[in-house]
Structures are given as structure tokens and as C-alpha cells.
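Chains, contacts and geometry: an overview
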Amino acid sequence: MRRFRAAAVLTVVLAAALLPLLGAGGARAAAPRPRRTVGILVSNLYNLSPGNESFSAKFDLWTTCRGEHGLDPLTSLDFSDTEEVAEEALESRTVDGERWTILTATATFHHGWEVDDFPFDRHRLDIRFHLVRPEREQAFTVDREGSLVLPDINLGDYAMTGFEVAPAAVTYPTALGNPADDSAAGRRHSGLLASVHLRRAHYAGFLTAISPLYIAVAFTAITFLTTSRDSDVMLARLGLAGSGLFAVVINMQVTHSQLGTSGLGLSDVLHIAGLAFVIVAVAATVACWQKVTRMEHVLRLKQLNRKLGLAAVALYVLFNAAVFVYGGWWL
């Protein structure tokens with residue numbers, strides 16, 4: 001009986017000694033953790049320049065920090081792939097113990113425009129940044145619901161098809177020589193990635209770029225209708241076909257340079273088809289001229305040239321239609 005009493009007394013004493021520690025641990029577990037939230041509003045996109053491989057944006061970044069004091073995330077940002085960043089305004093206030101900060105900025109970003117599928121090209125413009133301080137010192141969560149892009153932005157020939165934000169942490173494989181940083185595996189920095197998806201919606205630029213090609217092909221097609229024993233007529237026919245060849249080559253070079261395509265683009269394919277058409281016209285002119293000088297039947301040559309011209313025009317039109325259908329449906 002005495003043993004049970006001693007055990008009971010010992011249990012009570014231990015419970016009394018551990019109770020303050022348990023209470024402190026519970027208090028620490030119940031204490032609210034510091035919280036940071038970062039969001040973005042893209043208010044403008046402009047200077048969409050495939051030739052310069054860049055675009056410009058105006059945006060607002062905001063943070064909400066509860067239960068924490070110290071350096072605000074918006075005062076230590078590092079933007080990726082930027083030519084220049086200009087901060088226009090920075091405002092901060094505290095409401096009900098929650099600090100709210102908003103930063104308005106404009107920036108020019110590097111962007112590799114994929115215009116090989118012009119005029120059916122699609123693009124994703126990325127605005128990316130991360131914090132200068134490592135994640136263990138300063139981190140945040142992304143405000144997905146509050147982040148957005150204004151729907152009434154004037155995008156010229158493009159239309160917006162989507163917008164999304166996501167965390168985009170950056171890891172440096174080095175401590176950058178910081179003697180106070182004992183992280184052998186490098187430093188991880190919280191970041192944000194905002195992506196705006198675009199597609200080409202207007203084709204005025206395409207018509208401007210491609211119309212010289214079709215004009216040259218149309219004038220070259222006339223050469224199939226001019227067959228004569230008169231050498232001046234045949235010389236004029238050869239000159240017209242040669243001029244068409246020159247016009248197609250020049251327009252192909254100008255269009256390729258303006259678009260800044262990295263490979264063989266859709267517009268290049270159309271120009272190559274135009275070159276093939278003009279070369280056929282030049283070859284037909286030379287062959288016809290040789291036969292005329294040999295005093296062969298002119299009427300038969302005229303019929304043969306018209307059939308050849310009709311077949312060349314039909315193949316060229318069908319090829320262009322196939323390119324546009326493929327581009328519009330699959331790209």
C-alpha cells in the first residue's frame with residue numbers, strides 16, 4: 001500500500017514539474033507563423049518587338065505580411081531577363097497588424113519570339129523575379145486568386161488567350177562568398193513567374209509582308225500568255241519573268257529580316273514556292289523562245305504554254321491553300 005502511495009506522490013510531482021513545459025510548448029505551437037503573400041497585376045504590355053527580341057510591361061506588385069517585421073520583399077527583388085527596370089511608386093501601410101506594400105514598375109524583358117509560324121504564331125510572355133535574400137530568411141506564397149492581367153490591354157495584332165502565376169524559386173549553387181552562409185548545397189530564393197499567353201489575331205502585318213510576293217507571281221503568270229515569233233515580245237516576256245524573280249528574292253530577304261525568324265518559317269516556305277513558280281516561268285520562256293527561233297508551230301506553242309501556265313497556277317494556289325489550312329488548324 002505504501003508503494004502505491006509513493007508512486008502516486010511521485011506521479012503528481014512529475015506532472016507538476018512538466019506542466020509548465022507542456023504549456024509553453026503548446027503556446028509556441030499555437031503562436032501564428034509569420035506569413036507573406038505576393039501578387040501581381042499586369043496593367044500594360046507594349047513594344048512587342050520580335051525584331052529586337054523584347055517586350056515591355058507595366059505592372060503592380062503587392063505584398064501582405066502578418067506578424068512579422070523587417071525587410072519587405074518588394075525592397076529586395078531581382079528580375080530575370082530584363083534590359084531595364086524602373087520603379088515608379090512604392091507605398092506601404094499597416095492595417096490591423098498586417099503590412100501591405102505595393103510597387104508600381106515598368107520593365108523591358110528579353111524574349112525569344114518564335115515567329116517561324118507567322119501569321120499563326122503563339123507566344124508566352126514571362127515576367128519573372130525572385131528575392132535577393134535566401135528563402136530561409138525571407139519567403140512568400142503566391143496570391144493566385146488576386147493576381148491578374150487587365151483584359152482591355154491594346155496588344156496590336158495579338159489577342160490574349162490566358163494568364164497564370166506560379167511560384168518560381170531560384171537556386172544558386174553557391175553562397176556567393178558569404179562567410180555567414182554555411183549552406184554547402186547553395187541558396188534557394190523564393191520567386192514568382194507571371195505568364196501571359198498571346199496569339200496573332202489580326203493579319204494586316206502579314207498581308208503587308210506577303211502582298212509583294214503574290215503581286216510578283218501574278219505578273220509572272222502573264223508570261224505564259226505571251227508567245228510570239230517577235231523577238232521583242234519574247235525578250236519582254238523574259239524580262240517580266242526575271243523581274244518577278246528579283247522581286248520575290250528581295251521580299252523574302254526583307255520579310256525574314258523583319259520577322260527575325262531563327263529557321264525556315266512559314267513565310268519562307270511561301271516565298272520558296274513563289275520562287276519555284278517564277279523559275280518555271282523563266283524556264284518555259286527560254287524553251288519557248290528556242291522553239292520559236294526554229295520556226296516551230298506558234299499556235300501549238302501558245303496552247304502548250306497556256307496549259308503549262310494553268311497547271312503551274314493551280315499547283316501554286318493549292319500549295320498555298322494547304323499551307324494556310326495546316327497553319328490555321330494545327331499550329
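Attention in this report is confined to the structure presented alongside it. If you're wondering where the values come from, they're calculated on a predicted model, not measured in any experiment. Each chain has its residues counted from 1, following the order in which its sequence is written. With the structure being a predicted model, the display of local features is reserved for residues of pLDDT at least 70 and the display and counting of side-chain atom pairs for 80 or more, all residues being used for whole-chain, interface and lining totals. Only hydrogens and water are removed before side-chain values are computed, so all heavy atoms of the structure are retained for them.

To continue, consider the overall build of the protein chain. Secondary structure elements follow DSSP: runs of H or I no shorter than four residues count as helices, runs of E no shorter than two count as strands, and numbering proceeds from the N terminus. Helix and strand content of the protein chain: five helices and 12 strands. Think of it in three bands: residues with accessible area under 20% of the maximum for their type are buried, residues over 50% are exposed, and the middle band is partly exposed, with areas taken using a 1.4 Å probe on protein chains only. Buried positions account for 37% of the 331 residues belonging to the protein chain. Across the protein chain, every contact between residues at least 6 apart in sequence was considered, and the portion connecting residues at least 24 apart equals 72%. The contact definition used throughout considers only heavy atoms, calling two residues in contact when any of these lie within 4.5 Å.

An α-helical turn contains 3.6 residues, so a residue and the one three or four places further along point in the same direction. Take the number of residues in a helix, subtract one, and multiply by 1.5 Å to get its expected span. Taking 1.5 Å per residue, 29 residues should reach 42 Å; helix 3 (residues 231-259) reaches 42 Å between its end C-alpha atoms and fits that length. All of the buried residues in helix 3 are Met234, Arg237, Ala241, Gly244, Val248, Asn251, Met252, Thr255 and Leu259. Gly260, located one to two residues past helix 3, shows a positive phi value of around 70 degrees.

Our focus in this paragraph is the side chain of Asp268. Following the sequence through the fold, Asp268 ends up in helix 4 (residues 266-293). Charge counting treats Lys and Arg as positive and Asp and Glu as negative, with His and both chain ends excluded. Any Lys or Arg side-chain nitrogen found within 4 Å of a carboxyl oxygen on Asp or Glu counts as a salt bridge. Buried within the structure, Asp268 lacks any salt-bridge partner; Arg200 is the closest side chain of opposite charge, at an N-O distance of 13 Å. Excluding its chain neighbours within four sequence positions, the residues that come into contact with Asp268 are Met252, His256, Thr261 and Gly263.

Along any regular strand, the residues point their side chains to alternate faces of the sheet. Burial analysis of strand 12 (residues 191-200) places eight of its 10 residues in the buried class, the great majority of the element. Direction of pairing for strand 6 (residues 122-131) relative to strand 12: antiparallel, over a ladder of nine bridges. Bridged to His130 within strand 12 is Gly191. Examined bridge by bridge, strand 9 (residues 158-167) and strand 12 share nine bridges and lie antiparallel to one another. Across the sheet, residue Val165 finds its bridge partner in strand 12, namely Ala194. Strands are treated as partners if at least two bridges between them are detected by DSSP.

Tallying each qualifying case throughout the model produces five salt bridges. Between Arg200 and Asp157 there is a salt bridge whose closest N-O contact spans 3.8 Å. Here the residue Arg200 occupies a position in strand 12, and Asp157 occupies one in the loop between strand 8 (148-149) and strand 9, the gap between them amounting to 43 residues. By relative accessible area, Arg200 is classed as buried at 9%.

What follows concerns the sheet that holds strand 3 (residues 77-79). Taken in spatial order, the four strands make up an open sheet running 3-6-12-9, and their pairing is antiparallel. In this open sheet, the two strands that pair with only one neighbour each are strand 3 and strand 9. Across this sheet, the average inter-strand angle for adjacent strands is 20 degrees, counted without regard to direction. Relative to strand 6, strand 3 is paired through three bridges, and the arrangement is antiparallel. Directly across from Leu77, in strand 6, lies its bridge partner Leu131. Working convention: axes come from line fits to C-alpha atoms, limited for helices to the stretch in contact. Angles between N-to-C directions cover 0 to 180 degrees.

Moving on, we get to unusual backbone geometry. A cis amide bond links Phe118 to the next residue, Pro119, at an omega of 10 degrees. The topology assignment puts Pro119 in the loop between strand 5 (98-110) and strand 6. For Asn47, which is not a glycine, the phi torsion comes out positive at approximately 50 degrees. Looking at the secondary structure, you find Asn47 in strand 1 (residues 35-49). With a phi close to 55 degrees, Glu53 is a non-glycine residue in the positive phi region. Along the polypeptide, Glu53 turns up in the loop between strand 1 and strand 2 (54-66).

Summarising the element assignment, Val323 is placed in helix 5 (residues 298-330). C-alpha of Val323 to C-alpha of Val269: the two residues are 54 residues apart in sequence and 8.6 Å apart in space. Residues within four places of Val323 in sequence aside, it is in contact with Leu266 and Leu270.

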